[in-house]
Amino acid sequence: MPTNFLSWDQRKRFGRFTEEPDEGRLAGSFLMDQTARRRAMAAKGARNRLGWALQLGTARYLGTFLDNPEEVPAVVVDYVAEQLGLQAGDLAGYGAMEHRWDHQEQIRTAYGYTKFEFDQWFTLARWMYQRAWIGCERPTLLFDLATKRLVDKKVVLPGVTVLERLVPGTRERAEKRLWATLADAPIPDRPRSCSNWSSSPPGNVYRSWTGCAAPRGTSPRAGWATPWNGMSR
């Protein structure tokens, strides 16, 4: 299957603010408790304090950090700034500061977020493979489920192309295993009473197609039930 199955708009929206959060989402991700406010206020200067708090809320909301932490809706900046007793304008220039990278590391350590590295890649690939083996989910659905799984596990989302390439790779591997398993599966012997194609009575579609009469109450695929159900996952 093609590697690039996401649309341009889907790639652009991944890990970004696409709309202003409503009041419920603001409170769910950007409400700073006493500990969060204390940690934010420990940063030097109003700009860093507001930027630190916004990065924490962004990680909660998007599951990742932004390269430019200033790229958040104005309503979010106002909401967080008010809690810290700061002005929204204090954020200006934070996206160009090197401190933003240190703040991300502090947030990951303090709140249990994990970078997406090889161990996380391998765990996700194995999970995807298991789903692809037992089901037939669309690539876009598997992509969304994988994204949600990483967010729930507090693994910082990688770039969109990383997941977009992983999905078809695991699906293709599962498909190859399926065909290999089916190719190796034993084919049940035909009954000796099997009649050939030419001797099939006119109008007996099933007998003409199979070349033999199946036992009453069975289907042409009955012989595959045991190999299929016995597959290990």
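For the structure, see preceding data.
My aim in this report is to walk through the structure given alongside it, one point at a time. (Residues numbered from 1 in each chain as written. Predicted model: local features only at pLDDT ≥ 70, side-chain atom pairs only at ≥ 80, totals over all residues. Heavy atoms only, no water.)

1. What about the overall build of the protein?
Helices and strands together make up the secondary structure of the protein, namely 11 helices and 0 strands. Tracing the protein from N to C terminus, the helices and strands come up as α-α-α-α-α-α-α-α-α-α-α. The buried share of the protein, reckoned over its 233 residues, is 36%. Across the protein, the fraction of contacts at a sequence separation of at least 24, relative to all contacts at a separation of at least 6, is 72%. Carbon and sulfur atoms make up 51% of the accessible area of the protein, which amounts to about 14600 Å² in all. (Helix = DSSP H or I, 4+ residues; strand = E, 2+ residues; numbered from the N terminus. Buried < 20%, exposed > 50% of the residue type's maximum accessible area, 1.4 Å probe, protein only. Contact = heavy atoms within 4.5 Å. Areas by Shrake-Rupley, 256 points an atom, 1.4 Å probe, with all protein chains shown as cover.)

2. A few points about the pattern of salt bridges
Using the criterion set out here, one finds 5 salt bridges in the structure. The salt bridge involving arginine 108 is made with glutamate 105; its shortest N-O contact spans 2.6 Å. In this pair, arginine 108 and glutamate 105 are both assigned in helix α6 (residues 99–111), 3 residues apart and thus about one turn of the helix distant. Here glutamate 137 and arginine 131 are joined by a salt bridge, their closest N and O atoms 2.4 Å apart. (Salt bridge = Lys/Arg side-chain N within 4 Å of Asp/Glu carboxyl O.)

3. As for unusual backbone geometry
The backbone of lysine 154 shows a phi angle near 60°, a positive value even though the residue is not glycine. Checked against the element boundaries, lysine 154 lands in the loop between α8 (139–152) and α9 (160–184). Residue classification places lysine 154 among the partly exposed residues on the basis of a relative accessible area of 32%.

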